[in-house]
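The primary structure of each chain is shown beneath.
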Amino acid sequence: MTHRIKVKGKIAVGGKALGVIYEKQKKDISPSAETGHGEEERLRFYGAVSHVKAILEQVYRESEERVGREESEIFLIHGLILEDEDFLSAAEKALEKGHTAEYAVIAARDYAVDALRATEDPLLLSRCDDLFDLASRLISELTEEDGTVYPEEDFLYYATDLTPGEVMALDESRCVGILLRKGSLRSHAAILAGALSLPLLVEVGEFSAQEETPVLLDGETGEVILFPSDEEFEAFRLWQKEKEEEKKRQRVFRDVRFHYPSGRGLLISANAGSLEECERAREVGAEGVGLFRSEFLFMEREDAPSEEEQLSLYRRVLALAFPHRAVIRTFDLGADKVPGWYPMAKEINPALGLRGVRLALCDPALFDPQLRALLRASLDGSLVILLPMVTSPDEVRAVRERLEALTKVLASEGHAVGQYSLGVMIETPAAALMAEELCEVSEYLSIGTNDLLQYTLAIDREHPALSHLADPRHPAMRRLIERTVNAAHEKGVAVGICGEIAGDTALTKELLTFGADTLSVSVSKVPAVKEAVAKHLASDGK
Ligand code: PEP
Ligand code: MG
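As the structure is a computational prediction, the values presented were derived from the model and not from experiment.

### Here we look at the overall build of the chain
So, step 1. A count of helical and extended segments in the chain gives 20 helices and 18 strands.
So, step 2. Over its C-alpha atoms the chain spans a radius of gyration of 25 Å, differing by no more than 12% from the 24 Å that the globule rule assigns to 542 residues.
So, step 3. Dimensions along the principal axes, computed over C-alpha positions, put the chain at roughly 80 × 65 × 40 Å.
So, step 4. Across the 542 residues in the chain, those meeting the buried criterion constitute 50%.
So, step 5. For the chain, the share of sequence-separated contacts (at least 6 apart) that also reach a separation of at least 24 residues comes to 70%.
So, step 6. Carbon and sulfur atoms form 51% of the exposed surface of the chain, whose accessible area is close to 25,000 Å².

### Description of the site of ligand 1
So, step 1. Residues in contact with ligand 1 amount to 14 residues; listed here are only the nearest, R293, R329, G448, N450 and R461.
So, step 2. Within the side chain of E427, one N or O atom sits 3.2 Å away from an oxygen atom of ligand 1.
So, step 3. In isolation ligand 1 has 290 Å² of accessible area, and contact with the protein removes 98% of it.
So, step 4. Secondary structure elements with two or more residues in the shell around ligand 1: β11 (289-293) and α17 (449-457).

### Describing the packing of aromatic side chains
So, step 1. In the structure shown here, the tally under the stated rule is 11 aromatic pairs.
So, step 2. Aromatic pair Y22 and F155: ring centres 5.6 Å apart, planes at 65°, arrangement edge-to-face. In this pair, Y22 is assigned in strand β3 (residues 16-23) and F155 in strand β4 (residues 155-159), connecting sequence segments 133 residues apart.
So, step 3. Under the relative-accessibility criterion, Y22 is labelled buried at 14%.
So, step 4. Arranged with centres 5.8 Å apart and planes meeting at 80°, the rings of W341 and Y342 form a pair that is edge-to-face.
So, step 5. Taking relative accessible area as the criterion, W341 reaches 21% and is therefore assigned partly exposed.

### Comments concerning the coordination of the magnesium ion (ligand 2)
So, step 1. Here the magnesium ion (ligand 2) is held by the protein donor atoms E427 (OE) and D451 (OD), which lie 2.0 Å from it. Here E427, found in the loop between β14 (420-426) and α15 (429-433), pairs with D451, found in helix α17; they are 24 residues apart in sequence, far enough to count as distant. With respect to class, E427 is no different from D451; both count as buried.

### Structural notes on the sheet that holds β4
So, step 1. Here eight strands make up an open sheet; going across it, the order is β1-β8-β7-β3-β4-β5-β6-β2 and the pairing mixed. Each edge of the open sheet carries a strand with a single partner, namely β1 (5-8) and β2 (10-13). Across this sheet, the average inter-strand angle for adjacent strands is 30°, counted without regard to direction.
So, step 2. Bridge count for β3 against β4 is four bridges, and the pairing is parallel. Note on β4: the bridge partner recorded for V20 is F155.
So, step 3. Contacting β3, β7 (214-218) and β8 (223-226), helix α9 (residues 230-251) runs over the sheet at an angle of about 120° to β3.

### Some points on α17
Each turn of an α-helix holds 3.6 residues, which means side chains three or four residues apart point in the same direction.
So, step 1. Counted residue by residue, α17 has eight buried out of nine residues, so it is predominantly covered.
So, step 2. Along α17, the residues classified as buried are T449, N450, D451, L452, L453, Q454, Y455 and L457.
So, step 3. On its buried side, α17 packs onto β11, β14, α15, β15 (444-447), α18 (475-490) and β16 (494-497).
So, step 4. Immediately downstream of α17, the backbone of A458 shows phi near 55°, a positive value.

### A look at the environment of A532
So, step 1. Of note, A532 is situated in helix α20 (residues 526-534).
So, step 2. The buried category is assigned to A532, whose relative accessible area is 8%.
So, step 3. In sequence terms A532 and T508 are 24 residues apart; their C-alpha atoms lie 6.7 Å from each other.
So, step 4. Not counting residues within four places of it along the chain, the set of residues in contact with A532 comprises T505 and T508.

### Quick word on the nonpolar core
So, step 1. Counting 87 residues, the largest nonpolar core has L445, I497 and L519 as the members making the most contacts within it.
So, step 2. Other than its neighbours up to four places away in sequence, I497 contacts I447, T449, I481, A502, L511, F514, A516, T518, L519 and S520.
So, step 3. Counting 54 residues, the second-largest nonpolar core is a separate cluster that includes L56, A104, I106 and I178.

### A short note on the pairing of β4
So, step 1. Of all five residues making up β4, five are buried, and the element is well covered by its neighbours.
So, step 2. Burial along β4 is two-sided: F155, Y157 and A159 and L156 and Y158, pointing in opposite directions, are all buried.
So, step 3. Across five bridges, the pairing between β4 and strand β5 (residues 175-180) is parallel. For Y157, the partnering residue across the bridge sits in β5 and is I178.

### Points about the domain arrangement of the chain
By a widespread convention, an interface's size corresponds to the accessible area lost as its parts come together.
So, step 1. Split into domains, the chain comes out as domain 1 (5-24 + 148-248), domain 2 (39-143) and domain 3 (253-540).
So, step 2. Taking both sides of the interface into account, the surface hidden between domain 2 and domain 3 amounts to around 910 Å²; carbon and sulfur atoms contribute 44%.
So, step 3. When the area that domain 2 buries against domain 3 is broken down by residue, the three leading residues are R69, E70 and L123, summing to 47%.
So, step 4. Run the count over domain 2 and domain 3 and you get zero salt bridges.
So, step 5. Residue contributions to the side of domain 2 that touches domain 3 peak at six residues, all from helix α2 (residues 69-81).
So, step 6. Among the residues forming the side of domain 2 that touches domain 3, the class breakdown is four nonpolar, one polar and five charged.

Thresholds, definitions, all that
- Residues numbered from 1 in each chain as written.
- Chains lettered and ligands numbered in written order.
- Predicted model: local features only at pLDDT ≥ 70, side-chain atom pairs only at ≥ 80, totals over all residues.
- Heavy atoms only, no water.
- Helix = DSSP H or I, 4+ residues; strand = E, 2+ residues; numbered from the N terminus.
- Rg over C-alpha atoms; globule rule 2.2 N^0.38 Å.
- Buried < 20%, exposed > 50% of the residue type's maximum accessible area, 1.4 Å probe, protein only.
- Contact = heavy atoms within 4.5 Å.
- Areas by Shrake-Rupley, 256 points an atom, 1.4 Å probe, with all protein chains shown as cover.
- Near = heavy atom within 4 Å.
- Polar contact = N/O pair within 3.5 Å; in protein donor to acceptor, adjacent residues only side chain to side chain.
- Phe/Tyr/Trp six-rings, centres within 6.5 Å; stacked < 30°, edge-to-face > 60°.
- Donors = N, O, S within 2.8 Å, 3.2 Å for Na, K, Ca; no water.
- Pairing = 2+ DSSP bridges.
- Axes fitted to C-alpha atoms, helices over the stretch in contact; angles between N-to-C directions.
- Core = buried A, V, L, I, M, F, W, Y, C linked by side-chain atoms within 4.5 Å.
- Domains from an automatic or database assignment.
- Buried area = accessible area lost by both parts, 1.4 Å probe.
- Salt bridge = Lys/Arg side-chain N within 4 Å of Asp/Glu carboxyl O.
- Nonpolar A, V, L, I, M, F, W, Y, C, P; charged D, E, K, R; others polar.

Structure, rendered in structure tokens:
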């Protein structure tokens, strides 16, 4: 049977890939409750724990080198689970009853999974995957077989779900893309796959393919095509060639600088959430970091980052952006970004709740170390401290007062503070309508069209059924962007656009009509945006 079949999924990581299907066979890790040999099983269990810990440290080091620290921290967390008292005592109970080491692993895993499930907290629930990942590592260690033999040709990995450990293992193989029956768009695994440029579709559901079946993953349409037609094969080869040529062509624009006919300059800078992205931004010719999402430093860890940890990160971000500026946004926590460790009260409508600068102003114990770190880092480059989710100039004034007070404290402690600017994100209709007043209390405006769109059109930015209505060309959006840019320029304040639309080359021509001073786009989009801008604006400095 060789007929063409098409299934559809959701795009977690874009791109295209062609390969045979490798379907993951879940190893049966449900050992029977048979009795083992007492002390011998205890030794086996702890031996496996300590060996897996060592492996995890090694995987962490390799992963850190490959995709960066934040994306790799999950492996450190797995190591911590192996030291967790409750996890170990659940295993110990099984061992005391005389069960095997394998059984003790499953008992500990199930105990921890039940505890997470009982919380009903979606963030903690997502940790269950980590426990399954960890348990299968321990079982593999005990049974001394990994059981995974990947194909020796290009393949698409097809599984129900994916753990971060599995993504890193795939990186060593000839995996060219990933298809998940379930999966989630923003899982750790998806972040890692993105960092490794592995196209990933989630929610593709069930289909069956023989081992040799050629399959095309189209991460531009979200389609999976079994037995692609000759034309589709051809189209894929052409796409690959075009991608190569596109890369070559776009390299020409790496060092160009743009200006509008009025003489006003336009910077193409990068949005980043990690140092690795800042490094790549520099390599592809981004003119500084136009949005550094600092909240990622606060996620996927056990507690808040210290002032010193933040200081060293911000210093490096500033150095990588230099001689351009680094616009570091204070943590935009709340709504869909609540770290597991943060005691956030349940909100009925979190997107309209305690988020961004609102949360920061309510929690000085969390906010002050970040502000102190930013103030201390300000000596190392050209810094804009950007505030998220602002709706009133009072919020900006409150932060400025806090910055001034902290500057005095720092001086009394012998810490110098350099120059910095304060910027405001325009993400709410209120902020856009108050742009003039916000310019009086700040030195930079950055239009965050992702949230501006959600709050203006009243469409949840993650809502799957309404995405077709979330049109960034909506006249209401146009008006808000236009008035923000005009207000800023009348007040002599620089203004940028940093939402996803800034990186959409189909919109570049239209966006340039606003006359913003910066377009800040995701790192992978910098070359294409520079190429698109070059079609419309004069440039120099090749
Ligand atoms: C935005 O809202 O447009 C933005 C850039 O911020 P984030 O996507 O991080 O909310
Ligand atoms: Mg936003």
